[in-house]
Amino acid sequence: MAGLRVDFGLLLEPLGFIKVLEWIFSIFAFATCGGFQGETTLLVSCKGVANKTVTAAFAYPFRLNTVVFSAPDPKRCGGTWTDVYLVGNFSSSAQFFVTLAVLSFLYCIAALVVYIGYKHVYQQNSKFPLTDLAITVITAFLWLVSTFSWATALADIKMSTGASVIPGIESCKAPGTTCRFASVTSMKTLNVSVVFGLLNMVLWGGNIWFVYKDTNLHNQPKRISQQSPAIYSSQRGI
């Protein structure tokens, strides 16, 4: 490939090393969020049924308002049990978070290819560092927004799938029917996804400085300061 000069030494420098970390952490971010599956379980007692387990299975992208609990029995508690749905649609926050993680993952791959194989082109053309800087700044900001948005949505998901669902179930208020909360799938992996979101935000934010150092915005003041003594000397010579 024309112009290809492979140099893995850049991976030991902050610019390349941080990019590798961003690549790895973006994988964990979308894997821990996008791969989640869980369920909420209730114990229902009604006409002809005692402590029957009913479940509502939910997963990414967390459109909980489309998730319905299974019926306690074929007769649906003598006709008193109606379809019961979970509450809330948190797909926008979840998809925003996962989409950003996937796009960050893809960009890191592209950036690492340029860093490792085309660093000389990257340094010679001022547009590449400036583009890299702009993308890094925007991505850092998006990680800030998406992580806090997802963290807020996660708190609401825990509320919507926990014991607080029972007061909102009309079927549980029917005469002779009792509902008890049994369990909900642990959401530790979703908590971890928020942590990785914060780590990505810190990494992309910190990387702004190292990307900025390669741009002419950082080098231009140096060139001006170096040229000033030479200009002053030439003027004195005149």
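Predicted, not measured: the structure shown is a model, and the values here were computed from it.

K.L.:
Where do I start with the environment of Leu21 in this structure?
P.N.:
By the element assignment, Leu21 lies in helix H1 (residues 14-34). Accessibility expressed as a relative area gives 23% for Leu21, which makes it partly exposed. When the C-alpha positions of Leu21 and Pro72 are compared, they lie 48 Å apart, and in sequence the two are 51 residues distant.

K.L.:
What is the right way to read the pairing of strand E1 (residues 37-46) from this model?
P.N.:
Walk down a regular strand and you will see the side chains alternate between the two sheet faces. By the criterion of burial, E1 is predominantly enclosed, with seven of the ten residues buried. Examined bridge by bridge, E1 and strand E2 (residues 49-59) share nine bridges and lie antiparallel to one another. Residue pairing for E2: Thr40 is matched across the bridge by Ala56. Connecting E1 to the next strand, E2, in antiparallel fashion are two residues, including Gly48 with a positive phi near 80°. With six bridges joining them, E1 and strand E3 (residues 178-184) adopt antiparallel strand pairing. Across the sheet, the residue bridging to Leu42 is Phe181, located in E3.

K.L.:
Can you walk me through the packing of helix H5 (residues 127-161) against helix H6 (residues 188-212) in this structure?
P.N.:
Relative placement of two packed helices is described by the angle separating their axes and the distance separating the axes. H6 packs onto H5 with a crossing angle of 160° between their chain directions and a minimal axis gap of 8 Å. The pairing of H5 with H6 is recorded here as roughly antiparallel in orientation. For the element pair H5 and H6, the recorded crossing hand is left-handed.

K.L.:
Where do I start with the side chain of Thr139 in this structure?
P.N.:
Among the secondary structure elements, Thr139 is positioned in helix H5. Ignoring sequence-local partners within four residues, the contact set of Thr139 consists of Leu100, Ser104 and Trp204.

K.L.:
Please clarify how the pattern of salt bridges should be interpreted in this entry.
P.N.:
Applying the stated criterion to the full structure yields four salt bridges. Note that Asp83 and Arg76 form a salt bridge whose closest N and O atoms lie 2.7 Å from each other. Its relative accessible area of 45% is what places Asp83 among the partly exposed residues. Here Lys119 ties to Asp214 by a salt bridge, and the two come within 3.0 Å at their closest N and O atoms. You can see Lys119 sitting in helix H4 (residues 119-124) and its partner Asp214 sitting in the loop between H6 and helix H7 (216-237), a full 95 residues away along the chain.

K.L.:
Explain the environment of Phe8 to me, please; I cannot follow it from the model alone.
P.N.:
Looking at where Phe8 falls in the secondary structure, it is placed in the segment before H1. Looking at Phe8, the relative accessible area reads 54%, which means it is exposed. As a C-alpha pair, Phe8 and Leu112 span 104 residues in sequence and 9.7 Å in three-dimensional space.

K.L.:
Before we go on, may I ask you to explain the state of the cysteines in this structure?
P.N.:
Between two cysteines, a covalent bond joining their sulfur atoms is known as a disulfide. All chains considered together, the criterion is met by two disulfides. Note on cysteine connectivity: Cys172 is disulfide-linked to Cys179, with sulfurs 2.0 Å apart. An S-S torsion of about -95° defines the bridge between Cys172 and Cys179 as left-handed. Across the pair, exposure class does not vary: Cys172 and Cys179 are buried alike. Of note for the protein chain: the bonded cysteines, numbered N- to C-terminal, pair according to 1-2, 3-4. Distance from the sulfur of Cys33, which forms no disulfide, to the nearest cysteine sulfur (Cys108) is 18 Å.

What counts as what
- Residues numbered from 1 in each chain as written.
- Predicted model: local features only at pLDDT ≥ 70, side-chain atom pairs only at ≥ 80, totals over all residues.
- Heavy atoms only, no water.
- Helix = DSSP H or I, 4+ residues; strand = E, 2+ residues; numbered from the N terminus.
- Buried < 20%, exposed > 50% of the residue type's maximum accessible area, 1.4 Å probe, protein only.
- Pairing = 2+ DSSP bridges.
- Axes fitted to C-alpha atoms, helices over the stretch in contact; angles between N-to-C directions.
- Parallel < 35°, antiparallel > 145°, perpendicular 65-115°, else oblique.
- Left-handed = near helix turned anticlockwise from the far one by under 90°.
- Contact = heavy atoms within 4.5 Å.
- Salt bridge = Lys/Arg side-chain N within 4 Å of Asp/Glu carboxyl O.
- Disulfide = S-S within 2.5 Å.

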